[in-house]
Each structure stands twice: as structure tokens, then as C-alpha cells.
Amino acid sequence: MPDFKPNKILYTPDALNPNGLRIADQYPDAGRTPIKQHNRLPEVDLPHYKAKSDLLVLGRLKSKEIKYSGRSSDFIAPSLANGCFGGCAYCYVDRHKKLNPITVFTNTDEIMAAVDKHVMALPWPRTPNQTDPIYYTYDIGCNSDIAVDYAISPGIHDVFQFYKDHERAKATFATKFINSEMLEFDPARKIRIRFSLMPAEISRLVDVRTDSIEKRLQAINDFYAAGYEVHVNFSPVIVYDRVRGIERDWEEDYRELFQQLNAAVSPEVKKQMQCEVIFLTHNEWQHVANLQINPKAEELLWLPAIQETKRSSYGGINIRYQHQLKAQMINTFINLLTEEIPWCGIRYIF
Ligand code: SF4
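Residues numbered from 1 in each chain as written. Predicted model: local features only at pLDDT ≥ 70, side-chain atom pairs only at ≥ 80, totals over all residues.

Student: Is there a simple way to explain the overall build of the chain in this structure?
Tutor: For the chain, the count of helices and strands is twelve helices and 16 strands. Over its C-alpha atoms the chain spans a radius of gyration of 20 Å, differing by no more than 12% from the 20 Å that the globule rule assigns to 350 residues. Overall, the C-alpha framework of the chain stretches about 55 × 50 × 35 Å when taken along its three principal axes. Sorting the 350 residues of the chain into buried and exposed places 42% on the buried side. Taking the contacts inside the chain whose residues are at least 6 apart along the sequence as the reference set, 74% of them involve residues at least 24 apart. (Helix = DSSP H or I, 4+ residues; strand = E, 2+ residues; numbered from the N terminus. Rg over C-alpha atoms; globule rule 2.2 N^0.38 Å. Buried ≥ 20, exposed ≤ 12 C-beta atoms within 10 Å, placed from the backbone. Contact = placed C-beta atoms within 7 Å.)

Student: Explain the site of the ligand here, please?
Tutor: Looking at the ligand, the residues that line it are C84, G86, G87, C88, C91, V93, S144, D145, K176 and T210. Tallied by class, residues from the shell around the ligand come to four nonpolar, four polar and two charged. (Near = placed C-beta within 6 Å. Nonpolar A, V, L, I, M, F, W, Y, C, P; charged D, E, K, R; others polar.)

Student: So what exactly am I meant to see when it comes to the environment of T131 here?
Tutor: With respect to the helices, strands and loops of the structure, T131 is situated in the loop between α3 (108-120) and β8 (136-139). T131 sits in the buried class, given 25 other C-beta atoms within 10 Å. Taking the C-alpha atoms as reference points, T131 and S72, 59 residues apart in sequence, are found 6.6 Å from one another. If we ignore the near neighbours within four places in the chain, the residues touching T131 are S73, D74 and T137.

Student: Just to check I follow, could you spell out the pairing of strand β7 (residues 102-105) for this structure?
Tutor: Looking down a regular strand, the side chains alternate between one sheet face and the other. Side-chain alternation along β7 places I102 and V104 on one buried face and T103 and F105 on a second face that is also buried. Summarising the sheet, strand β3 (residues 55-59) and β7 pair through four bridges and their orientation is parallel. Across the sheet, V57 pairs through a bridge with T103, a residue of β7. As judged from the two bridges shared by strand β6 (residues 81-82) and β7, these two strands associate in the antiparallel manner. Each residue of the ladder has a partner; that of N82, found in β7, is T103. (Pairing = 2+ DSSP bridges.)

Student: It is not clear to me how unusual backbone geometry should be interpreted in this structure. Could you clarify?
Tutor: The phi torsion of most residues other than glycine is negative, and most of the peptide bonds are trans. Looking along the chain, the bond that leaves W124 and enters P125 is cis, with omega of 0 degrees. Along the polypeptide, P125 turns up in the loop between α3 and β8. Here the amide bond leading from S235 into P236 is cis, since omega sits at -10 degrees, within 30 degrees of zero. The phi torsion at R189 lies on the positive side, around 60 degrees, for a residue other than glycine.

Student: How do you make sense of the sheet that holds strand β4 (residues 67-68) when you look at a structure like this?
Tutor: In sheet architecture, strand pairing relies on hydrogen bonds along the backbone and comes in two forms, parallel and antiparallel. The mixed open sheet is built from eight strands, whose spatial order is β4-β5-β8-β9-β10-β11-β12-β16. With partners counted over all chains shown, the strands left at the sheet margins are β4 and β16 (345-349), one partner each. Strand direction decides the pairing type here: strand β9 (residues 169-175) and strand β10 (residues 191-196), joined by five bridges, are parallel. Of the residues in β10, the one forming a bridge with T175 is F195. Lying over the sheet, helix α12 (residues 323-340) contacts β11 (229-237), β12 (274-279) and β16, oriented at roughly 170 degrees with respect to β16. (Axes fitted to C-alpha atoms, helices over the stretch in contact; angles between N-to-C directions.)

Student: It is not clear to me how the packing of helix α7 (residues 213-226) against helix α8 (residues 250-264) should be interpreted in this structure. Could you clarify?
Tutor: When two helices pack together, their arrangement is given by the angle between the helix axes and by the axis-to-axis distance. In the contact formed by α7 and α8, the axes pass within 9 Å of each other and the chain directions differ by 30 degrees. With respect to α8, the axis of α7 lies roughly parallel. Where α7 crosses over α8, the handedness of that crossing is right-handed. Residues L217, Q218 and I220 of α7 touch α8, and the partners they reach there are Q260, L261 and A264. (Parallel < 35°, antiparallel > 145°, perpendicular 65-115°, else oblique. Left-handed = near helix turned anticlockwise from the far one by under 90°.)

And the structure:
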């Protein structure tokens, strides 16, 4: 994981609680500038900074809304951060931002209190579902990469401890980074990491500044041994068929990826591992931006001949694989997975 050393910290005054100060004090050489709103940065004053490597924003999360999910988890917990130092070509977190530095929310105590209140109001014992047989599950990393946030904010350690100790709640997050500091924490299987996987050659094109697929595969057994539950997240599944520059097709590549996963993980890890599968959703605005910054990736992501549009609930135009073709793709994926890694249950696929 890259070493993050911001040289400018932008903060809202209400973010400088003890947790915010602990974060800021880790970067004594960084200049500090107060701002009015963490989500409206003074762009004009920041022309010489690289948003993702030079800047860190500290804010206080005001809306602590908890949303129903039913897919990766029962619920989406309030964000602990927004953005990461990756620059994945399909990332929805950065989709609508002109300036996209990592923003860490320092009021983790208020966020944990909101989750506690929410979960304690739910019926108990809970009815088992695909997200977990026992606990209510909360996705804590929908707008950032928690492995990155863990390296920046000591508050994330407190959040891990909260879920570890909670009698009803369990945390989960997907990641594309290996943060070995996290191995020093034993979450007693109350935190589920979902390592994101895709064919390595494709990942090198579209997963910008993340840890490699090889590293993610190698890390799985270590995180399980440290006490995490470890699942995998096949997301996004990108469909390609000997398009320019790629000499293979997605089916061959996923077979190989499943074989790599099968070879990498121990029998003990296989017993508890499940996966989730999400085919690519792209976005028209992002397509236009990517043509400037990552055109090679865009050749894989933007294939109008096999895609259809859908207006997103946030107003943008999203692009996804055509309905009937996608049904076939899903069948193909399930067949490949069943042939190569039958031990890996699919929690959901769409
Ligand atoms: S690692 Fe995750 S949060 Fe970061 S840019 Fe990639 S998809 Fe977005």
C-alpha cells in the first residue's frame, strides 16, 4: 500500500475533536487550512496539489443515515470516509467530484452510537440470511477503502473494536489494498473482509494505484489467521472478448483467476469463504472523463454494442450489460465458478 503523506490538511473546525487532532498530528509537516464544508472544497486555492496524494480533508459527518442493503450486508453504515488514493476507472465514489482527496470523518464515536442505536432497535435473535447466519451486518466501506482509512485514522481501530465487542452487529467491507497493520488486530471473526478480485491483467489496466491481484490473493490466508472472516468480491466483472490489446477473453481469464484462488487459499479458509459477484455498471459522465485520463481502460469498459443505459437514482446515465446478454453472462460465470471452485458459495450475483 502506498505511503500516504499529505502536505496539506483541510479541515472543518468541528472535525478537530481528539480523533481529528490525532490524525492531523501524524502529519506534522502538513500545512493546515480551515474550510467551511468538507464536501465543497475551495478549488481555486488548490491548483498546485495532487488531490489524492497531497491533500487530506478532515470533516464531521452530519447525516448518520443507515440504509437497508440486503446485498453485501444487511445495512450500509454511515461513511467513515469518502474516497481513497486509488483511481479505479469505474469507481462510483469519485464519479461526480471535480476534486477528490481522501476525506476522513472524525466523529467516529457519533457514527458508532448511531449504529448501536439502530441495531439495538431491531428484533433479536435475527432471522439468518445470506449476509450472515447470526449477526446484523453493516457495510462500513461503501464510499472509501477501509484498509486505507485504517492507516490514516486511529478512529477506524476504535470502530473495529466496537464491532468486535458488539453482541448483535458485525462489520464488513470490500478492499483492494493490503494493510498489514490490520493483522495486529484480532477481530474474532466479527469483521468480514471481502477482497476484490478480477483477472490480474485487466486489474492492471483499470484498478489504478491499488495493490495487485497477486498481493490480494497472497494476503487472504494471513487475514484469516489474524481472526478476520475472509470472503471475495468479484466486482466489477468486466466482459471482453479479444478487444484491442487483450489477447484473451473474459471466460478464460476468470477460469484462470478461480484456479489461482483455489491454489492460494488454505482448506480452512475455503470452508468459510463465500463470494459476491457484480457485473460492471459504468457511467456516461465517467466515460467522457476516462477518455482523457485512462483511454485504454475505457476500451474495456465502454462497449455500447453489448450495453444499455439506465438513468440512475442520482440523475446520471448509467450503462450496464444488456439484460438478456447479462443473464447469459451470469450463467457462464456460475458454471465456470462451479467447475473450478465449487467450495465457494455465491452470496449474490447480478
Ligand atoms: S479502491 Fe475502491 S474506493 Fe478506491 S478508487 Fe478503487 S474502487 Fe474507488
